[in-house]
Amino acid sequence: MLNILPHIYFVMPTRISKGYKPNKKEKYMCEKHKAYFMQKLTEWKNEIIKSNSQALYSSDLVDNISSPDVVDQASSYTEKNVEMRTVNRQIKLVSKIDAALKRLKDGTYGFCEQTGEPIGLKRLIARPIATLCIAAQEKHEREEKIHVEL
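Residues numbered from 1 in each chain as written. Predicted model: local features only at pLDDT ≥ 70, side-chain atom pairs only at ≥ 80, totals over all residues. Heavy atoms only, no water.

Caption draft 1: The arrangement of the confidence of the model for the protein chain in detail. For the protein chain, the average pLDDT comes to 84, and 81% of its residues sit at 70 or higher. The weakest mean pLDDT in the protein chain belongs to helix H1 (residues 31-61) at 86; the strongest belongs to helix H3 (residues 121-126) at 97. Segment residues 7-11 is flagged for pLDDT under 50; beyond a separation of four residues in sequence, or across chains, it makes 0 contacts in the model. (pLDDT = per-residue confidence, 0-100. Helix = DSSP H or I, 4+ residues; strand = E, 2+ residues; numbered from the N terminus. Contact = heavy atoms within 4.5 Å.)

Caption draft 2: Spatial organisation of helix H2 (residues 70-106). The terminal C-alpha atoms of H2 lie 54 Å apart, and with 37 residues this matches the ideal 54 Å at 1.5 Å per residue to within 8%. Every buried residue belonging to H2 is among Ser 76, Lys 80, Val 87, Leu 93, Val 94, Ile 97, Ala 100, Leu 101, Arg 103 and Leu 104, and all of these are buried. Two residues or fewer after H2 comes Gly 107, characterised by a positive phi angle close to 85°. (Expected span 1.5 Å × (residues − 1). Buried < 20%, exposed > 50% of the residue type's maximum accessible area, 1.4 Å probe, protein only.)

Caption draft 3: Inspection of the pattern of salt bridges at higher detail. For the coordinates displayed, the defined rule picks out 2 salt bridges. For Lys 45, the salt bridge is made with Asp 98, and the minimal N-O distance between the two is 2.6 Å. Of the two residues, Lys 45 sits in helix H1 while Asp 98 sits in helix H2, which places them 53 residues apart along the sequence. Residue classification places Lys 45 among the partly exposed positions, given a relative accessible area of 21%. (Salt bridge = Lys/Arg side-chain N within 4 Å of Asp/Glu carboxyl O.)

Caption draft 4: Summary view of the nonpolar core. Within the largest apolar cluster, 24 residues are counted, with the highest numbers of intra-cluster contacts made by Phe 37, Leu 41, Ile 97, Tyr 109 and Leu 124. Contributions of two or more residues to this core are made by H1, H2 and H3. The element that contributes the greatest number of residues to this core is H2, accounting for 6 residues. Setting aside residues up to four positions removed in sequence, Leu 41 forms contacts with Ile 97, Ala 100, Leu 101, Leu 104, Tyr 109, Pro 128 and Ile 129. (Core = buried A, V, L, I, M, F, W, Y, C linked by side-chain atoms within 4.5 Å.)

Caption draft 5: Quick look at a positive patch on the surface. Together, Arg 85, Arg 89, Lys 92, Lys 96 and Arg 127 make up a region of like positive charge exposed at the surface. When you line up the elements, Lys 96 lands in helix H2. (Patch = residues over 30% accessible without salt bridge, like charges linked within 9 Å, V, L, I, M, F, W, Y side chains within 5 Å. Areas by Shrake-Rupley, 256 points an atom, 1.4 Å probe, with all protein chains shown as cover. Lys, Arg positive; Asp, Glu negative; His and termini not counted. Charge placed at Lys NZ, Arg CZ, Asp CG, Glu CD.)

Caption draft 6: Quick peek at unusual backbone geometry. Backbone geometry places Met 29, a non-glycine residue, at a positive phi of 55°. Position of Met 29 among the secondary structure elements: in the segment before H1. Residue Met 29 is classed as buried on the basis of its relative accessible area, which comes to 8%.

Caption draft 7: Local environment of the environment of Tyr 20. Here Tyr 20 shows up in the segment before H1. Tyr 20 gets classed as buried once you look at its relative accessible area, which sits at 11%. Sequence separation between Tyr 20 and Lys 32 is 12 residues, and the spatial gap between their C-alpha atoms is 8.9 Å. Not counting residues within four places of it along the chain, the set of residues in contact with Tyr 20 comprises Glu 26, Lys 32, His 33 and Tyr 36.

Right, dumping it as structure tokens:
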């Protein structure tokens, strides 16, 4: 009996130079673009996690809520509240980054969720977690504004 092993191919990730920036001359969402955004999103996520960990750790060390001065207690409470809101916002941002990384892996990154059109390199460089092209985003904001006004 022959033991035949399936051939397994490993795709090496595309390497990009340190100063690489995607440009319009390249094919949209080519392997270099994907590698650039994968790196950018991963670094951003790691920075946020590190920042949150430091904030939570230092927040535990400095606890003036038990201070006898009511003003100090109020100030400390307000400060902790602001810190926790910031951490919560960053946790939401990490989930958006994770969603963008998932889209990169499944090949839908860089394309508008509503229209399927390319989001555009400039927009993605400015906001790597963008899911809508500018036209769809503007429409979404107009509709949101109408609902708020009603």
